[in-house]
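# Close look at the chain arrangement
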Amino acid sequence: MASNNVSATYSYLQTTGNRFTGLASGMDIDSIVEKLMKAESAKMEKLQQQKQKYEWQRDAYRDINSKLEAFRTELGDKYLLNTSTFLAKTASVSDTSKLSVKASSSASGTLTISDATLAENGQDVKRVVISPATGTSDVVYATNQTKLSELGLSDGTLKLNVVQKDGSTKELSVDYTSEDTLESLASKINKENKGLTAVVGEDGSFSLSTAATGEYDNGLVSIVSDDNSLMKSLGFASSNSAGTAILNGTDATYTINGVTKTSHTNTISELGYSITLNQAFSGSSVTISSTTDTDTIVENVKSFVELYNGLIDSLNSPIKEKKNYDYQPLTEAQKAEMSKEEIEKWEEKAKQGILRNDTIISNTVSSMRSAIYSVTTELDGKYNAFYNIGITTTDVYSDGGKLKIDEDKLREAIEANPEAVADLFTRGEEKDADGNVVDKGGLITQLRATAKSTINLIEEKAGKEGAEENSFTLGETIVSVDDRIEDWKERLKDIEARYFKQFSAMEAAIQKANSQASLFAQG
C-alpha cells in the first residue's frame, strides 16, 4: 500500500441472512446499509485499535524484561560468581618446563617447590593362561579370541569400584557369557566408560589401566563382587573377595617451602595457586610468585561497560522513540486489502513510540545512573569512587547515561589497590540484625537489584509469557476493552437489522403505492 491514508470497508461483518436490492425503489440497499454501518462501526474500530496498542505495549514491556533478565544473569555469572574477574592475578614461574601454574584471585606469597615425583595411574598387564601350569612346558596361553569357557568360566557378572579423576568412585558392572572372548570382554569393560580401560593383545595379554592417578587405601580398582572369579582367572587377583584391590597407583610427592607433601594427582592447590607437575625433578627448585593481572582486569571492566551501555541503549531507545500518529493499528478490513509485507511495514511504523516516556523504564535508567555516582568503597581513600578510578558517564546528552573509561586512570587504580576496585563493583548488600539494609553493595549488586525491581514492576503491569490476562494490569485492560468490543458487535447486529427492517418497510410502501397508482391508471 503506497499511501498511509488507508480507507476500507468497516470491520463489522454483516450477519443478517436476507440481502436485497430495492426492486421498487431501484436503490442498492446493501450498499447503502454498508455505508451506514461503516459510520456506526467507527467507535468499535477505535476500540479494536486501542486493544492492539495495549497488546503491543504488553509485548514491548516483556521484551524489556527479557533484556533485563539476561543482563542480571550475565552480571551474576560473569562478574559476581567469578571472583577473579576484578582480582585477576598472573603467576610467574622460574621453570615452566617443570611446573605449570595458574594464580587465582587469592594467590599470595612466594612458593619454592623441589624434589617432585609424579603421580601415576594404576596399570597392569597379564598374559592369560588357559590351563594351570604343572611345569613350565605345560603352560598354555590364551589369544585374544579365547573364549571364557576355555578358562573354565560360565556366565556371570563382574562388579568393580573404580576411582575417578576427581577422586570419586563409580561402580563398573559387566555382564558376560561363557561365549565371550577376551576381546569382547575388554570391549564390554570399555563401553561402561567408568575410567577403566582394557586392552587385549593377539598373544592373550590382557591390560587394565585407570584414568585416575594416586595411591588409595582400597586401590584405584577393587572388587565389589566376582562370584565367578573372573579377575582371578585373568591373573589380576588372588582372591574374589569384596574389597580386594585389582589396581593401584602412586601419589605425587613434592617439597614446598621445606614441607614435604603428597597428592593423588599431579595438579595441586597451594595458597591460591593451581600447580601442575610436568615432570619429576630433584636437586633443583622452582620458584612461584604472583602479580596483579592489570590487562585482564581492564579488559573485564571494558566488557562490563560494553554490557551496561548495551542495556542503556535498549532502555533508552523505546522511551525516546517518537510516535508516528499517521500510522494507527490496522483494522481487519484494512488488513484484508494489504499484502503481508505491507502489513508488517505499516505495523512497524504504528508500533513506534509505544513506550515513549514510560516512567518505569525512565526511572530504571535514572536509578542505574545514580548508582554509578553513589557507590563508594572504604578500602581506599583515593580510589574510593568510580569517577576516581576513571569510570564516568559520557558528556553526550543523547547517550542517556552511558559509561566511558579513562584507561590510564583505571590502570593506575588497579595497580595501586585492586581490592578497592573490585569492592566498588562486587561488594554484596549488607543488612543489620533487624534486616534493614545498611549497605546496598557495589555497583553490580545494585544494578542487579534495580533490574529485578523493574522486572517485578513490569510483570505486575504486563505479566509473563503465558500468564492469565486477568493477573496483570494491562491484561485486565485488554479483557475490558475486548468485552466492550463484543458488546459493540451485538449492538451493531441490532442496528444493522433495524436498517434493513426500515428499508424493507420502505420498499413495501413504495411497492404498495406503485400498485395503487397502477389501479388508478387503469380506472
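A separate point is the sheet that holds strand S2 (residues 99-103). Strands sit in the order S2-S16-S15 across an open sheet of three strands; the sheet is antiparallel. Sheet topology places S2 and strand S15 (267-270) at the edges, where each strand pairs with a single neighbour. For this sheet, the mean angle separating the axes of adjacent strands, direction not counted, is 20 degrees. Bridge count for S15 against strand S16 (residues 273-277) is four bridges, and the pairing is antiparallel.

Ordered in space as S4-S10-S9, the three strands form an open sheet in which the pairing is antiparallel. With partners counted over all chains shown, the strands left at the sheet margins are strand S4 (121-127) and strand S9 (196-200), one partner each. Neighbour-to-neighbour, the strand axes of the sheet open up by a mean angle of 15 degrees, direction not taken into account. Pairing between S4 and strand S10 (residues 205-213): six bridges, direction antiparallel.

Looking now at the environment of Ile 360. Tracing the backbone through its elements, the reader meets Ile 360 in helix H8 (residues 359-374). The class of Ile 360 is buried, set by a relative accessible area of 16%. Taking the C-alpha atoms as reference, Ile 360 lies 53 Å from Gln 502; in sequence the two are 142 residues apart.

Right, let's talk about H8 for a bit. Counted at 1.5 Å a residue, the expected span for H8 with its 16 residues is 22 Å, and the 22 Å between its end C-alpha atoms agrees. When we look at burial in H8, the residues that qualify are Ile 360, Ile 361, Thr 364, Val 365, Met 368, Ala 371 and Ile 372. Down the axis, H8 shows its buried residues gathered within 140 degrees of arc, on one side only. Residues of H8 that are buried make contact with helix H2 (42-80), helix H5 (294-320), strand S19 (403-405) and helix H11 (443-462). Two or three places before Ile 360, at the opening of H8, Asp 358 has a side-chain oxygen 3.1 Å from that residue's backbone nitrogen.

Let us look at the pattern of salt bridges. Summed over all chains, the structure comprises 27 salt bridges. As a salt-bridge pair, Arg 58 and Glu 469 come within 3.9 Å of each other at their nearest N and O atoms. Within this pair, whereas Arg 58 is found in helix H2, its partner Glu 469 is found in the loop between H11 and helix H12 (473-522), the two being separated by 411 residues in sequence. We classify Arg 58 as buried; its relative accessible area is 15%.

Running from N to C, helix H10 (residues 418-426) and H11 cross one another at 10 degrees; their axes reach a closest spacing of 3 Å. The angle between the axes of H10 and H11 places the two elements in the roughly parallel class. Residues Leu 424, Phe 425 and Thr 426 of H10 pack against Leu 443, Ile 444 and Thr 445 of H11. A per-class count over the contact of H10 with H11 returns four nonpolar, two polar and no charged.

Here strand S7 (residues 156-163) pairs with strand S8 (residues 169-176) via eight bridges, running antiparallel. Looking across to S8, one finds that Gly 156 is bridged to Tyr 176.

In this section: unusual backbone geometry. Even without being a glycine, Asp 115 presents a positive backbone phi close to 45 degrees. Summarising the element assignment, Asp 115 is placed in strand S3 (residues 111-117). Judged by relative accessible area, which is 41%, Asp 115 ranks as partly exposed.

The next thing to look at is the nonpolar core. Core analysis: the biggest nonpolar cluster contains 49 residues, and Leu 68, Phe 304, Tyr 308, Met 368, Ile 389, Phe 425 and Leu 443 have the highest contact counts within it. Secondary-structure elements contributing two or more residues to this core are H2, H5, H8, helix H9 (407-416), H10 and H11. For this core, the element with the highest residue contribution is H5, accounting for 11 residues. Among residues more than four places away in sequence, those in contact with Leu 443 are Phe 304, Ala 371, Ile 372, Val 375, Phe 386, Leu 424 and Phe 425. Counting 33 residues, the second-largest nonpolar core is a separate cluster that includes Ala 142, Leu 182, Val 200 and Phe 236.

By the secondary structure assignment, Met 231 is in helix H4 (residues 230-234). Sequence spacing of Met 231 and Ile 246 is 15 residues, and the spatial spacing of their C-alpha atoms is 8.0 Å. Here Met 231 is in contact with Leu 158, Leu 160, Leu 208, Ile 223, Asp 226, Phe 236, Ala 237 and Ile 246, once residues within four sequence places are set aside.

Rules behind the numbers
Residues numbered from 1 in each chain as written. Predicted model: local features only at pLDDT ≥ 70, side-chain atom pairs only at ≥ 80, totals over all residues. Heavy atoms only, no water. Pairing = 2+ DSSP bridges. Helix = DSSP H or I, 4+ residues; strand = E, 2+ residues; numbered from the N terminus. Axes fitted to C-alpha atoms, helices over the stretch in contact; angles between N-to-C directions. Buried < 20%, exposed > 50% of the residue type's maximum accessible area, 1.4 Å probe, protein only. Expected span 1.5 Å × (residues − 1). Arc of directions from axis to C-beta. Contact = heavy atoms within 4.5 Å. Polar contact = N/O pair within 3.5 Å; in protein donor to acceptor, adjacent residues only side chain to side chain. Salt bridge = Lys/Arg side-chain N within 4 Å of Asp/Glu carboxyl O. Parallel < 35°, antiparallel > 145°, perpendicular 65-115°, else oblique. Nonpolar A, V, L, I, M, F, W, Y, C, P; charged D, E, K, R; others polar. Core = buried A, V, L, I, M, F, W, Y, C linked by side-chain atoms within 4.5 Å.

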